[in-house]
Amino acid sequence: MVLRCGQRRVLWRERIPNVEHSKAWRRFATGHVLRELRTTAGTEPIGHYRNQNARSCLRQSAAFLVDLHDHGRALAACTQADLDRWHASATGTQKMNLRPFLRWAIKARQTRRLTLPPSLTGAAAPISQQQRFELIRRIHAGTGMDLTEQVIGLLILLYAQPLNKIVRLTIDDVIHQDCHLF
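Since this is a predicted model, take the numbers as computed values, not measurements.

Draft legend 1. Local environment of unusual backbone geometry. Phi is positive for Arg109, close to 60 degrees, though the residue is something other than glycine. Exposure remark for Arg109: the relative accessible area of 75% places this residue in the exposed category.

The following block contains the structure:
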């Protein structure tokens, strides 16, 4: 796996400081990821998605091993607390991309048996109109809430705007003709 870093090409395994971690990563890359890609290539084209997914899995497994090293932990001694600590700060995509490595590490006895957190959470149940109006009233009252939190909450409840759009809003999007929303 090659990653471009400025003008210099850096191999991910070179970024893993622990030799044992690097060996485990290489075994995962060749024994699991590459084998799966070759099996798929025997029956159908690999395609961009599978290629990117393989790269993401390798990148995330290397990042996890670097994190273990930074916390003074060997892969063989990785505990549930180490995994939970990492999962607490990881994004959903990072968690999904690490799962193949963790499943491989457990199956190959590179680490002790760990409980992987659920990969997908079910869709949240929609709230009723009555619950929505009550939340709007509470947020509008703003008891103990910052104005930014109020605006974000009301945008979500009133206009069903996803959070990734809301965080890109600027003050000019909230202020209209010298009149504030609140």
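Draft legend 2. Expanded view of helix H5 (residues 92-107). When the terminal C-alpha atoms of H5 are compared, their 23 Å separation across 16 residues agrees well with the 22 Å that a helix rising 1.5 Å per residue should span. Along H5, the sharpest kink reaches roughly 35 degrees, centred on Arg99 and followed within four residues by the proline Pro100. Residues of H5 that are buried include every one of Asn97, Leu98, Arg99, Pro100, Phe101, Leu102, Trp104, Ala105 and Ile106, and no others. Positive phi appears at Arg109, one or two residues downstream of H5, with a value of about 60 degrees.

Draft legend 3. Highlighting the packing of aromatic side chains. Across all of its chains, the model carries four aromatic pairs by this definition. Seen in terms of ring centroids, Phe28 and Phe101 are 5.1 Å apart; in terms of plane orientation they differ by 85 degrees. Their pairing is edge-to-face. Linking Phe28 in helix H2 (residues 19-43) with Phe101 in helix H5, this pair joins segments that are 73 residues apart in sequence. Owing to a relative accessible area of 0%, Phe28 belongs among the buried residues under this scheme.

What counts and how
- Residues numbered from 1 in each chain as written.
- Predicted model: local features only at pLDDT ≥ 70, side-chain atom pairs only at ≥ 80, totals over all residues.
- Heavy atoms only, no water.
- Buried < 20%, exposed > 50% of the residue type's maximum accessible area, 1.4 Å probe, protein only.
- Helix = DSSP H or I, 4+ residues; strand = E, 2+ residues; numbered from the N terminus.
- Expected span 1.5 Å × (residues − 1).
- Bend = angle between axes of the 7 residues up to and from the residue.
- Phe/Tyr/Trp six-rings, centres within 6.5 Å; stacked < 30°, edge-to-face > 60°.

Read these as spatial facts, not as claims about activity.
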